[in-house]
Amino acid sequence: MGNISRYLPRDFIEKVKSSTDFVSLVSEYTNLKKAGKGYVGLCPFHHEKTPSFNINPELGLYHCFGCGKGGDIFKFVAEKENLTYYEAVIYLARKNGIPIPTLSPKESSEIELLYQIYEFSAAFFRRQLVSDVGREARNYIIERGIRKDTIDMFQLGYAPQEGNSLFKSAVKEGFPKDLLLSSGLFKEKNGQVVDLFWDRLMFPIFSATGRVLAFGGRVISPNDTRPKYLNSPETKIFHKSETLYGLNFAKQYIRETGRALLVEGYMDALSLYEAGFKNVVASSGTALTPSQARQLRRYTENIIIVYDGDRAGFTASIRAIKILLEANFLVKLVRLPPESDPDSFVRKDGKEAFLALLNSAPDWFDYLVSILKKKYSLVEPANSILWVNKLAPFFSSIKDPIMLGAYASALGSHIHIQPDEIIQRIKSARDTRVEIQNTKSEIDPSKKRELRIFYSIFCGTECVAPSEIEKYKEFFLHYPGILERVLEEIKEGRNLTLDQLYQFFVDEPDAQSVFSQFSFSSLPPPPLSEQLRELREFVIMDNIKKKRDSLRVASAKGDEGEQIRIMEEINKLYRMLISETQINTA
Ligand SMILES: [Zn+2]
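Residues numbered from 1 in each chain as written. Predicted model: local features only at pLDDT ≥ 70, side-chain atom pairs only at ≥ 80, totals over all residues. Heavy atoms only, no water.

**Re the coordination of the zinc ion**
Spelled out, the test is: Donor atoms (N, O, S) are those found within 2.8 Å of the metal centre, with the cutoff raised to 3.2 Å for Na, K and Ca; water is not part of the atom list, so apparent gaps in a site can occur. In short, tetrahedral needs four donors with all angles between 85 and 135 degrees, square planar needs four and octahedral six donors with opposite donors over 155 degrees apart and all other angles between 65 and 115, and whatever is left is irregular. In this text, helices come from DSSP runs of H or I with a minimum length of four residues, and strands from runs of E with a minimum of two, each type numbered from the N-terminal end.
Looking at the metal site, the zinc ion is ligated by C43 (SG), H46 (ND1), C64 (SG) and C67 (SG), spaced 2.1 to 2.3 Å from it. Taken together, the 4 donor atoms coordinating the zinc ion span angles of 103 to 120° at the metal, a pattern that classifies the geometry as tetrahedral. Counting along the primary sequence, the residues that act as donors to the zinc ion give the motif C-x2-H-x17-C-x2-C. Of the two residues, C43 is situated in the loop between β2 (38–41) and β3 (53–56) and C67 in the loop between β4 (61–64) and β5 (70–72); the sequence distance between them amounts to 24 residues.

**Digging into the domain arrangement of the protein chain**
By a widely used convention, the size of an interface equals the accessible area lost when the partners come together. To be explicit about the condition: All the domain ranges listed were derived from an automatic or database domain assignment. Any two residues whose heavy atoms approach within 4.5 Å are treated as being in contact. Two parts lose some accessible area (1.4 Å probe) when they are put together, and adding that loss for both gives the buried area. When a carboxyl oxygen of Asp or Glu lies within 4 Å of a side-chain nitrogen of Lys or Arg, that pair is called a salt bridge.
According to the domain assignment, the protein chain consists of domain 1 (4–95), domain 2 (105–238), domain 3 (247–361), domain 4 (367–441), domain 5 (445–525) and domain 6 (533–585). Domain 5 and domain 6 are separated by 28 Å when their C-alpha centres are compared. Domain 5 puts 10 residues into the contact, and the matching count from domain 6 is 9 residues. Interface area for domain 5 against domain 6, summed over the two sides, is near 830 Å², with a carbon-plus-sulfur share of 76%. When the area that domain 5 buries against domain 6 is broken down by residue, the three leading residues are R449, Y472 and F475, summing to 68%. At the junction of domain 5 and domain 6, the tally comes to 2 salt bridges. Where E534 meets R449, a salt bridge forms, and the shortest distance between an N and an O atom there is 3.5 Å.

**Quick notes on the sheet that holds strand β14 (residues 302–305)**
Our working definition: At least two bridges found by DSSP between two strands is the condition for calling them paired. Every axis corresponds to a line fitted to the C-alpha atoms, with the helix fit spanning only the stretch in contact, and the corresponding angles, defined between N-to-C directions, vary from 0 to 180 degrees.
The 4 strands lie next to each other as β13-β12-β14-β15, forming an open sheet whose pairing is parallel. The two strands at the open ends of the sheet, each matched to only one other strand, are β13 (280–282) and β15 (330–333). Pairwise comparison of adjacent strand axes, ignoring direction, gives a mean angle of 30° for this sheet. Bridge count for strand β12 (residues 260–263) against β13 is 3 bridges, and the pairing is parallel. Across the sheet, V263 pairs through a bridge with A282, a residue of β13.

**What to know about the side chain of S207**
Going by this rule: Polar contacts, as counted here, are pairs of nitrogen or oxygen atoms within 3.5 Å of one another; within protein the pair requires one atom able to donate a hydrogen and one able to accept it, and residues that are adjacent in sequence qualify only if both atoms are side-chain atoms.
Along the chain, S207 falls in the loop between β9 (200–206) and β10 (212–219). Side-chain polar atoms of S207 contact the side chain of T209, separated by 2.9 Å.

**Notes on the sheet that holds strand β1 (residues 32–35)**
Spatial strand order, β1-β2-β3-β4-β5: 5 strands in an open sheet with antiparallel pairing. Across the chains shown, the open sheet's two edge strands, defined by having one partner strand only, are β1 and β5. On average, each strand axis in the sheet is tilted by 20° relative to the strand beside it, whichever way the strands run. Summarising the sheet, β3 and β4 pair through 4 bridges and their orientation is antiparallel. Along β4, the bridge assignment pairs F53 with C64.

So this is what it looks like as structure tokens:
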């Protein structure tokens, strides 16, 4: 049932939203006071003394100016009740006595067919892997040292060079053409249908119950200049932020061993599974999301993060700690040598060495303390406050007060401050502006620009001409797919509301927080035309900055040809920048 219930019709979602009394719902978690058009109260997501949690019942949105959390009513329930977004809709429907829609025969057969298309494609890719065209891919797999039984288990395959062989074969099989086009596995190019994946090693992505939902495809040749990984898009059956790679295989072993291993990539999951560490899942294709964490929490409370040894792996693991603490996990962490990932480590150093790492994995707190010790010596008394400030965001992710107390005393024993004082300090740290800036600055400024444009389109203060936005399409680097869908809606004359904005960004919790922040701001967003121009300028300037960096590298190398080439590119970018300015002042 799991996946099918995820497909909920839009009018049902809207009905649930409009029949939920947001104020009384939130009042179950915190006391609210009327303030202007909305209500304020102490934030139910972080400890605070003065209320910074705002709700706007008219729009059905909340935002906390203390911790930056915000979103619509479904996100609120999802976070408070540890549910996925879709489960939150069902939860509120039940609460309000709204009947859950059963899928119409047409819809359910459509979804079933979608599953069948993915199953058919997985089988197609597997056949290619063992056929003549799959030779190079087979060699690659052998080089990586993956065993036959693992290939079979994870159903690896190969998408051939030829651009539409999957499509031809699926049409021959009798799948309806329009459904194939909506499956996400094909694209229309110059009036022809082509396969999304070609010349790639294919990893099917399974649901927790083992059905194929999507694919990840990896390039094989080191000379291939295309992106290393490509994932199939979101569909009615695939929500990337709620899917953990390998969970279908791992869940039984997670229960048996009482712990889960969290890695970054498909290959890491595969190799660890092969080496006998079968309780492994990967957050492939995305950074770990709160939804993924909540899913995993159903199987165990113990988790060990095993990310890549490089800088990016370190940053991602720090982010993952917070998300996992919020989902009530007991978090440990393995740090691999800088050049290693779990795949290469277990192959080079062996199972025993990896097991030793797992068994001696430090708790997240001890790990962070070991870093702080190196960076901020306690010989300097002032550094103890720095320690508290650095650890504050992690401490405030802990929901259980007893656990929080335990960590506060552990920290207290290091810095010789009473645990109560530490907890006080953390609570007030969350109230200060410094913390707010920290949470906000995690969102990339160019991303935020795009989000503000989406917000402006949906908040209904301006009439939007899609042709005007289309001119700037190439500058939407973060959400090109969503922009495409939004433009389609406008062209079809659909009425856009803030409610729908949240539906478009259902899998982007960061974006939702940004939107709620905008909607509680007293300043209206600048005119859309101005924002579009600024986005363009920002992207071009950023490009120029990057080119300048490579110019510096080229000049250090003494590569004159390269220097001239880059300088020409920079000039071209400047001309591009100026040409627009002239148009606008003319
Ligand atoms: Zn808050």
